[in-house]
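# Geometric and topological summary
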Amino acid sequence: PDAQTAINALQQGEIDMIEQPSHDLLPVIEKDKNVEIVIPDQLGSTYILRFNWKQPPFNDVRYRRAAMVALNQKDFLQAVIGDPRYYKVCKAMFGCGTPLENAAGTDGILESRFEESKKMLKEAGYDGTPIVLLQSTDLAVLTNLAPVAKTLLERGGFKVDMQSMDWQTLVARRAKKDAPDKGGWNVLITSTSGADSLDPLTYSFISAACDKAWFGWPCDEEITRLRNEFADETDEAKRKEIVEKLQLRAAEVPTHAFLGQYNNAMAIRKNVTGSVVSPVPVFWNIEKK
């Protein structure tokens, strides 16, 4: 479980591969002539900040919009990934470098305009009640995200109660629709793979089917209508037009904040060959010499 111990074992030849070494330890691995760093998942992943539509204040679209104005992507990516070789600031909801990449609805959001956010909260009548932000403490790829969110949201005028727990506890808690002071939540942060984000039908965070939607339970008839329209449309040009409308609507409501793309690297000893480019690790074609 200790990242440095795993890397020591890799360098000494006690193990052959580490699926996801911590990004901050990659420079150590790069110096070892017997170890290769590869990026098998070229689509990468995206960090997601999820709003709970069931509970105040994010049951009110004005507060979700204010949060979108207060946040920015680079601070999150720097806090966890650190090395620009492995991350990309990207406001496209369906990913940069993908067939459905577009810029609809991205103006003015995720730029940490704190004074604008404070103004929006004042106009909405925010009473200063702290929002409950869940932090996962035992996954390196997530742990540093919640403190960044807390800082940015507070600079934008929110009061934030960050509650820390292991990932399994967070997973159990995110299913609760109770008020935050009774075991529920307002905001949580997770990630999703690029392979799951390629279109509106596989991208679970864009679903706004109320109680049938992913945790946070966004509820919007227009998003649901557009997703159904996308599913029925066969013309690719028209499908792209639908996606732009969908991304614009998702930015207007909004369902979630997308916090930038990143790639996980894999560390493999050079006597192991045949690693396959894939969104998930597969072991076909692997040979150890």
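Attention here is on the structure that accompanies the text. (Residues numbered from 1 in each chain as written. Predicted model: local features only at pLDDT ≥ 70, side-chain atom pairs only at ≥ 80, totals over all residues. Heavy atoms only, no water.)

## Description of the packing of helix 4 (residues 73–80) against helix 7 (residues 145–155)
Note the threshold: Here an angle of 0 to 180 degrees is reported between the N-to-C directions of two axes, which are lines fitted to C-alpha atoms, with helices fitted over the stretch in contact. By the criteria applied, helices consist of DSSP H or I runs no shorter than four residues and strands consist of E runs no shorter than two, each listed in order from the N terminus. An angle below 35 degrees is treated as roughly parallel, one above 145 as roughly antiparallel, one from 65 to 115 as roughly perpendicular, and anything else as oblique. Each crossing is labelled by how the near helix is turned from the far one, with a counterclockwise turn of less than a right angle marking it left-handed and a clockwise turn marking it right-handed. When checking whether two residues touch, look at their non-hydrogen atoms; a contact exists if any pair is within 4.5 Å.
Relative orientation of the contacting elements helix 4 and helix 7 amounts to 150 degrees, with a least axis distance of 9 Å. One way to sum up the angle between helix 4 and helix 7 is to call them roughly antiparallel. Note that helix 4 runs across helix 7; the crossing there is right-handed. Every residue of helix 7 that contacts helix 4 at Asp75, Phe76, Ala79 and Val80 is listed here: Leu145, Val148, Ala149 and Leu152.

## Quick notes on helix 1 (residues 3–11)
Put simply, the test is: Relative accessible area decides the class of each residue, using a 1.4 Å probe on protein chains only: under 20% of the type maximum gives buried, over 50% gives exposed, and in between gives partly exposed. What the arc covers is the set of directions going from the helix axis to the C-beta atoms.
Ile7, Ala9 and Leu10 are the residues of helix 1 that are buried. Buried residues in helix 1, looked at end-on, bunch into an arc of 160 degrees, giving them a common side.

## Section: the sheet that holds strand 8 (residues 256–262)
Within a sheet, adjacent strands bond to each other through the backbone by hydrogen bonds, running parallel or antiparallel. What counts is decided by this rule: We call two strands paired when DSSP finds no fewer than two bridges between them.
The strand order across the open sheet formed by six strands is 4-8-3-7-5-6, and the pairing between neighbours is mixed. In this open sheet, the two edge strands, each paired with only one partner strand, are strand 4 (87–88) and strand 6 (160–165). Of the pairings in the sheet, the one linking strand 3 (residues 45–51) to strand 7 (residues 187–193) comprises seven bridges and is antiparallel in character. Paired with Tyr47 across the two strands is Ser191, which belongs to strand 7. Here helix 4 sits on the sheet in contact with strand 3, strand 4, strand 7 and strand 8, set at roughly 50 degrees to strand 8.

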